[in-house]
Amino acid sequence: MKILVIEDEKKLASYLQKGLNSEGFVVDVAHNGIDGLHLATEGHYELIILDGMLPDLDGLGVLAALRQTMNIPVLMLTARSMVEDRVKGLQAGADDYLTKPFAFSELVARVHALARRAQGQQQNATVDSSHLGLADLELDAVKRQAKRAGQDLRLTAKEFSLLWLLLRRKGEVLSRTELAELVWDMHFDSETNVVDVAVRRLRSKMDEPFNLPLLHTVRGMGYVLELRAGESQP
Ligand code: CA
């Protein structure tokens, strides 16, 4: 498990790094808020230990910036035992906090607890999105298999990704731009024709042979996968 420690007190930072290393964690250290934020967004960490008082950008600033894009567990360290700091930290999205000075064993216990909680959530998320369904449409992300009325739809990899995304966000209109970004990693409006072509192919496999269309065009907006009452193809 990879942990990022953002702490400007170098002695404490290196003490935490060595201690956590000996507990089997891989640890990187940043000594100010800006470096910390940069590493946090680039480094694929599973947990961040974040000091509250930091140069350049303080802990709450780092946390606020992180929370705009990431759901990574954050353990905040605060030098003061003031309740307001604790409350502010938790309100800003910290998952737990420790007041300095703290015993190393206490820190390790909190780190393990947060890691367990995060892993549990991840497992739930995987279970939730690996088997998706709508009406008689079923999708198994592990087997990469999509079925309708029990028949294998034989989708290409891209068609499968597209259907998986639409199904995960069923009932929500997804724009061509959004689909192009999320499925093809393309960022230009001009290339969204690719989306229309793929949707047409997907439809010919998953909707046209069956009575009930599930993939709908919302004119001028995009596509939505949903069950519409009373609608059926002749
Ligand atoms: Ca500090």
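Refer to the structure printed above.
Conventions and cut-offs
- Residues numbered from 1 in each chain as written.
- Predicted model: local features only at pLDDT ≥ 70, side-chain atom pairs only at ≥ 80, totals over all residues.
- Heavy atoms only, no water.
- Buried < 20%, exposed > 50% of the residue type's maximum accessible area, 1.4 Å probe, protein only.
- Helix = DSSP H or I, 4+ residues; strand = E, 2+ residues; numbered from the N terminus.
- Arc of directions from axis to C-beta.
- Phe/Tyr/Trp six-rings, centres within 6.5 Å; stacked < 30°, edge-to-face > 60°.
- Lys NZ or Arg CZ within 6 Å of the ring centre and 35° of its normal.
- Donors = N, O, S within 2.8 Å, 3.2 Å for Na, K, Ca; no water.
- Pairing = 2+ DSSP bridges.
- Axes fitted to C-alpha atoms, helices over the stretch in contact; angles between N-to-C directions.
- Contact = heavy atoms within 4.5 Å.
- Core = buried A, V, L, I, M, F, W, Y, C linked by side-chain atoms within 4.5 Å.
- Right-handed = clockwise from strand over helix to strand, strands pointing away.
- Parallel < 35°, antiparallel > 145°, perpendicular 65-115°, else oblique.
- Nonpolar A, V, L, I, M, F, W, Y, C, P; charged D, E, K, R; others polar.
- Polar contact = N/O pair within 3.5 Å; in protein donor to acceptor, adjacent residues only side chain to side chain.

Draft legend 1. Geometry of helix H3 (residues 59–67). When we look at burial in H3, the residues that qualify are Gly 59, Val 62, Leu 63 and Leu 66. Looking straight down H3, one finds that the buried residues subtend no more than 100° of arc, so they occupy a single side.

Draft legend 2. Region of the structure containing the packing of aromatic side chains. Counting across every chain of the model gives one aromatic pair. With a centroid separation of 5.7 Å and an interplanar angle of 65°, the aromatic rings of Tyr 15 and Phe 104 are classed as edge-to-face. Placement of Tyr 15 in helix H1 (residues 10–22) and of Phe 104 in helix H5 (residues 104–130) is noted, with a sequence separation of 89 residues between them. Just above the ring of Tyr 45 sits the side chain of Lys 2; from NZ or CZ to the centre is 4.8 Å.

Draft legend 3. Inspection of the coordination of the calcium ion at higher detail. Every protein donor of the calcium ion is accounted for by Asp 8 (OD), Asp 51 (OD) and Met 53 (O), and the metal-donor separations fall at 2.0 to 2.4 Å. One chain supplies every donor for the calcium ion, spaced along it as D-x42-D-x1-M. Given a relative accessible area of 2%, Asp 51 falls into the buried group. The exposure class of Met 53 is partly exposed, given its relative accessible area of 48%.

Draft legend 4. Region of interest: the sheet that holds strand S4 (residues 74–78). Strands sit in the order S2-S1-S3-S4-S5 across an open sheet of five strands; the sheet is parallel. With one partner strand each, in any of the chains shown, strand S2 (26–30) and strand S5 (96–99) form the two edges of the open sheet. On average, adjacent strands in this sheet sit at an angle of 20° to one another, irrespective of strand direction. Bridging between S4 and S5 involves four bridges; their strand directions are parallel. Looking across to S5, one finds that Thr 78 is bridged to Thr 99. Where helix H2 (residues 33–42) meets the sheet, its contacts fall on strand S1 (2–6), S2 and strand S3 (47–51), and the angle it forms with S1 comes to roughly 165°.

Draft legend 5. View of the nonpolar core. Leu 162, Leu 163, Leu 166, Met 206 and Leu 225 are the most contacted members of the largest nonpolar core, which totals 29 residues. Counting residues per element, the ones that place at least two in this core are strand S6 (131–134), strand S7 (137–140), helix H6 (157–168), helix H7 (176–184), helix H8 (193–206) and strand S11 (222–225). In terms of residues, this core owes the most to one element, H6, which gives six residues. Excluding anything up to four places from it in sequence, Leu 163 contacts Leu 137, Leu 139, Ala 146, Leu 155, Leu 202, Met 206 and Leu 225. Judged by nonpolar contacts, the second largest core, of 18 residues, contains Val 5, Val 27, Leu 47 and Phe 102.

Draft legend 6. The pairing of S2, seen in detail. In terms of strand pairing, S1 meets S2 through five bridges, oriented parallel. Residue pairing in the sheet places Lys 2 in a bridge with Val 26 of S2. After leaving S1, the chain enters H1 and then returns to the sheet as S2, a path that is right-handed.

Draft legend 7. Highlighting the packing of H7 against H8. Two numbers describe how H7 lies on H8: the axes approach to 9 Å, and their chain directions differ by 80°. By the criterion of interaxial angle, the relationship of H7 to H8 is roughly perpendicular. Between H7, through Arg 176, Leu 179, Ala 180 and Trp 184, and H8, the contact on the second element is made entirely by Val 194, Val 195, Asp 196 and Ala 198. Here the contact of H7 with H8 is composed, by residue class, of six nonpolar, no polar and two charged.

Draft legend 8. Layout of the side chain of Asn 32. Relative to the elements of secondary structure, Asn 32 occurs in the loop between S2 and H2. Taking the relative accessible area as the measure of exposure, Asn 32 reaches 14% and is therefore buried. In terms of polar contacts, Asn 32 uses its side chain to reach the backbone amide nitrogen of Ile 34, at 3.1 Å. Here the side chain of Asn 32 touches Asp 35 through a polar contact of 2.8 Å, landing on its backbone nitrogen.

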